[in-house]
Amino acid sequence: MRVRCSELAALDAVRLRVLTVMPSAGLDEAIRRPMSESPLVIGTRAASGLVAQLGGETCEVPAVALDSAWSAGPAIEEWRAATIEGPRASGVVVAVWPESPRPVALADQDLSQWVSAMEVPFALWFAALGAGAERCADGGQLVAVVDRADPKDAAGWGAETAVADAVTVMSRSLAEIHRHRSVRVHLVTSPARLAGSPNGTMHELVGAVALLLSNRGRAITSTVLHLSGVPR
Amino acid sequence: MIGNSQPVVLVTGASGGVGRGIALALAAAGGPVWVAARRRPEGQRVADEVDAAGGLGRFVECDVGDRGSVARAVAAVVERDGRLTAVVHNATSGLSPVPVAAPAVSMEDLRDHVVVSVRGSYLLAREAFPHLVATRGSMVLLTSEAGFQGSVRLAPYAAVKAAVRGLARAWAREWGGDGVRVNCVAPLANSPAMEMAMAADPTLAERVLGRHPFGRLGDPVDDIGPVVRFLLSEDARYVTGATIMADGGNFPIC
């Protein structure tokens with residue numbers, strides 16, 4: 001196989017032709033096919049900056065206010081059922097980002113704050129990732145993008161760290177569930193929004209998503225890219 | 001903390017299975033072991049077993065997802081024994097071993113997983129923390145191999161077990177200055193929940209044990225409980241934020 005990296009300059013765009021691959025016997029069509037479609041982006045309003053850069057169809061995750069009894073749970077189920085019904089896409093990005101996450105010590109976090117910081121994102125992530133995987137076409141890729149504090153900066157971010165770890169494992173579950181369709185599921189984690197630089201790293205985020213959405217890694221799934229090199 | 005003075009430990013979900021094994025293993029330390037569970041007859045029976053094993057078995061009714069119930073349980077421990085040196089959160093949703101397709105999970109069922117495992121960890125930590133600071137105590141949260149690798153059939157269970165690992169890492173950072181440690185144990189054990197899961201999925205036994213180094217599940221009393229006892233002991237005073245795999249080497253992490 002000969003590979004000519006003629007378009008690597010466009011590596012920060014999801015619509016890039018990832019590599020110009022010279023045809024050769026035995027090369028899977030899935031690898032030769034360039035990423036020519038914009039991804040379907042399933043995200044909350046807080047992720048609108050990411051959505052804008054990725055382009056493509058957008059499916060907004062509703063802003064649901066769960067109480068401790070999860071009274072609004074049926075509304076999430078309805079949204080999930082409606083979302084699953086949409087057309088499939090070769091690339092799907094899921095970004096369930098809460099608005100303005102702030103660190104809080106456990107001792108200062110009452111139950112309603114806990115539900116808002118941990119249980120609401122958890123429920124929405126579970127629904128959105130499940131729906132996103134269903135919307136992913138055979139042979140396609142799903143990339144989730146989640147806030148995650150750097151491990152040494154995790155104090156005060158208990159709820160967010162719990163959600164990030166849960167999303168990691170949800171992704172692994174979905175990678176196995178949809179493996180028979182050759183759907184690959186990846187995760188990008190970033191401390192940027194938690195570290196107070198929500199806009200300064202969008203370029204890096206988009207680049208990481210583009211990398212994982214490309215067709216170059218057909219044997220790679222359940223990969224986690226943590227953007228530990230983001231500027232502070 | 002076990003080793004400095006007589007330990008006083010609260011174990012949730014201790015009316016059977018892995019929780020019972022932990023309670024009985026802790027009996028060897030000689031102090032009070034509070035069997036926290038919703039079911040009084042089964043919980044009291046385990047408390048009696050703790051007595052027989054050399055500890056001081058006590059039962060306290062506790063629904064870990066209910067703030068008032070958790071507060072009452074912790075208060076009962078401190079009122080009777082004067083302090084609380086450790087909490088072990090083992091309780092999981094009764095739905096844990098029930099196979100389900102991820103897109104079909106109802107929010108009601110998902111909530112049950114979250115409330116017992118994750119909110120339960122939060123509520124226990126909130127109520128216990130001042131007492132653990134006073135004793136420079138420790139907390140252990142029970143996770144699972146599924147909390148690393150995910151699960152095709154038990155996706156909600158896997159997700160909440162991952163979440164508690166995240167809590168432990170974050171709280172270890174947060175509590176270290178107060179001398180309070182928090183760790184996780186990921187057991188692979190013979191338990192009623194495992195038996196239910198294997199009954200529901202005939203291929204599970206082969207998948208779990210087919211390439212297991214020892215070819216067997218762990219015993220809750222002799223294989224899992226001592227690992228928790230170690231983490232609560234002075235011997236583990238420099239260990240926090242960690243997850244110990246008590247799985248016979250079944251799931252290699254590196």
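Residues numbered from 1 in each chain as written. Chains lettered and ligands numbered in written order. Predicted model: local features only at pLDDT ≥ 70, side-chain atom pairs only at ≥ 80, totals over all residues. Heavy atoms only, no water.

**Student:** An account of the nonpolar core is requested, with residue identities and associated values reported.
**Tutor:** With 90 residues, the main nonpolar core has Met118 and Trp125 of chain A as its most contacted residues. Of the residues forming this core, the biggest block, 15 residues, is contributed by helix α4 (residues 111-135) of chain A. Dropping the residues within four chain positions of it, Trp125 of chain A is found in contact with Val94, Ala95, Val96, Gly130, Ala144, Val145, Val146, Val163, Val167 and Met170 of chain A. Membership of the second largest hydrophobic core comes to 29 residues, among which are Leu24, Phe59, Ala86 and Ile224 of chain B. (Core = buried A, V, L, I, M, F, W, Y, C linked by side-chain atoms within 4.5 Å. Buried < 20%, exposed > 50% of the residue type's maximum accessible area, 1.4 Å probe, protein only. Helix = DSSP H or I, 4+ residues; strand = E, 2+ residues; numbered from the N terminus. Contact = heavy atoms within 4.5 Å.)

**Student:** Break down the interface of chain A and chain B for me, with residues and values.
**Tutor:** With 45 residues of chain A at the contact, the number on the chain B side is 40 residues. Its largest share of buried area at the contact with chain B, chain A owes to Leu106, Leu111 and Phe126 of chain A, together 20% of the area lost on that side. Counting across the interface, chain A meets chain B through 2 salt bridges. With its nearest N and O atoms 2.7 Å apart, the salt bridge here joins Glu119 of chain A to Arg119 of chain B. One can count 20 residue pairs in polar contact (both at pLDDT 80 or more) joining chain A with chain B. With 13 residues, the top contributor of residues to the side of chain A that touches chain B is helix α5 (residues 158-177) of chain A. Residue composition of the side of chain A that touches chain B, by class: 27 nonpolar, 7 polar and 11 charged. (Buried area = accessible area lost by both parts, 1.4 Å probe. Salt bridge = Lys/Arg side-chain N within 4 Å of Asp/Glu carboxyl O. Polar contact = N/O pair within 3.5 Å; in protein donor to acceptor, adjacent residues only side chain to side chain. Nonpolar A, V, L, I, M, F, W, Y, C, P; charged D, E, K, R; others polar.)

**Student:** An account of the packing of aromatic side chains is needed here, citing residue identities and associated values.
**Tutor:** All names here are of chain B. The full count for this structure, using the stated rule, is 4 aromatic pairs over all chains. Ring geometry for Phe148 versus Phe251: centroids 5.8 Å apart, planes at 45°, classification tilted. Here Phe148, found in helix α5 (residues 146-149), pairs with Phe251, found in the segment after β7 (243-246); they are 103 residues apart in sequence, far enough to count as distant. Across the pair, exposure class does not vary: Phe148 and Phe251 are buried alike. With 5.2 Å between their ring centres and 10° between their planes, Trp171 and Trp175 make a pair best called stacked. Of the two residues, Trp171 and Trp175 both sit in helix α6 (residues 155-175), 4 residues apart, roughly one turn of that helix. Pair check on accessibility: Trp171 and Trp175 agree, each one buried. (Phe/Tyr/Trp six-rings, centres within 6.5 Å; stacked < 30°, edge-to-face > 60°.)

**Student:** An account of empty space enclosed by the protein is requested, with residue identities and associated values reported.
**Tutor:** Tallied over the full model, the rule gives 3 cavities of 30 Å³ or more. Considered as a void within the structure, the largest cavity measures approximately 60 Å³ in volume. Lining of the largest cavity is provided by Phe126, Leu129, Gly130, Met170, Ser173 and Leu174 of chain A together with Ala102 and Ala155 of chain B. If you list the elements that add at least two residues to the lining of the largest cavity, you get α4 and α5 of chain A. Around the second largest cavity sit Val104, Ala105, Leu106, Gln109, Trp114, Gly156, Gly158 and Ala159 of chain A together with Trp171 and Glu174 of chain B, which together line it. Residue assignment for the lining of the second largest cavity shows that the elements contributing at least two residues are α5 of chain A together with α6 of chain B. In terms of residue class, the lining of the second largest cavity is made up of 6 nonpolar, 3 polar and 1 charged. (1 Å grid on protein atoms, 1.4 Å probe; cavity = no way out; pocket = protein on both sides within 12 Å on 5 of 7 lines; lining within 4 Å. Points joined across faces, edges and corners; volume = space filled by probe spheres on them.)

**Student:** Can you break down the pattern of salt bridges residue by residue, with the values?
**Tutor:** For the structure shown, the criterion picks out 15 salt bridges over all chains. Note that Glu60 of chain A and Arg45 of chain A form a salt bridge whose closest N and O atoms lie 3.0 Å from each other. Here Arg45 of chain A lies in the loop between β3 (40-43) and α2 (48-54) and Glu60 of chain A lies in strand β4 (residues 58-60), a separation of 15 residues in the sequence. By relative accessible area, Glu60 of chain A is classed as partly exposed at 41%. Exposure remark for Arg45 of chain A: the relative accessible area of 57% places this residue in the exposed category. When the shortest N-O distance is used, the salt bridge between Arg20 of chain B and Glu49 of chain B registers 2.7 Å. Of this pair, Arg20 of chain B sits in helix α1 (residues 17-27) while Glu49 of chain B sits in helix α2 (residues 40-52), and the two are 29 residues apart along the sequence. Relative accessible area serves as the criterion here: at 28%, Arg20 of chain B is assigned to the partly exposed category.

**Student:** Kindly report on the side chain of Asn250 of chain B, identifying the contributing residues and their values.
**Tutor:** With respect to the helices and strands, Asn250 of chain B occurs in the segment after β7. Within polar-contact distance, the side chain of Asn250 of chain B engages the side chain of Glu145 of chain B at 3.0 Å.

**Student:** Please set out the confidence of the model for chain A residue by residue, giving values where relevant.
**Tutor:** Here chain A shows a mean pLDDT of 83. Residues at 70 or above account for 81%. Scored below 50 in pLDDT, residues 1-34 of chain A shows 55 contacts in the model against residues more than four places distant or in partner chains. (pLDDT = per-residue confidence, 0-100.)

**Student:** Before we move on, could you go through the sheet that holds strand β2 (residues 32-37) of chain B and cite the residues and values that matter?
**Tutor:** All names here are of chain B. Strand order across the open sheet formed by 7 strands is β3-β2-β1-β4-β5-β6-β7, with parallel pairing between neighbours. The open sheet has two edge strands, β3 (56-61) and β7, and neither has a second partner. If you compare each strand with its neighbour and ignore which way they point, the axes differ by 20° on average. Sheet topology places strand β6 (residues 181-187) next to β7; 4 bridges connect them, and they run parallel. Each bridged residue has a counterpart across the sheet, and for Cys184 the counterpart in β7 is Thr243. Here helix α4 (residues 107-135) sits on the sheet in contact with β1 (9-12), β4 (86-89) and β5 (138-142), set at roughly 180° to β4. (Pairing = 2+ DSSP bridges. Axes fitted to C-alpha atoms, helices over the stretch in contact; angles between N-to-C directions.)

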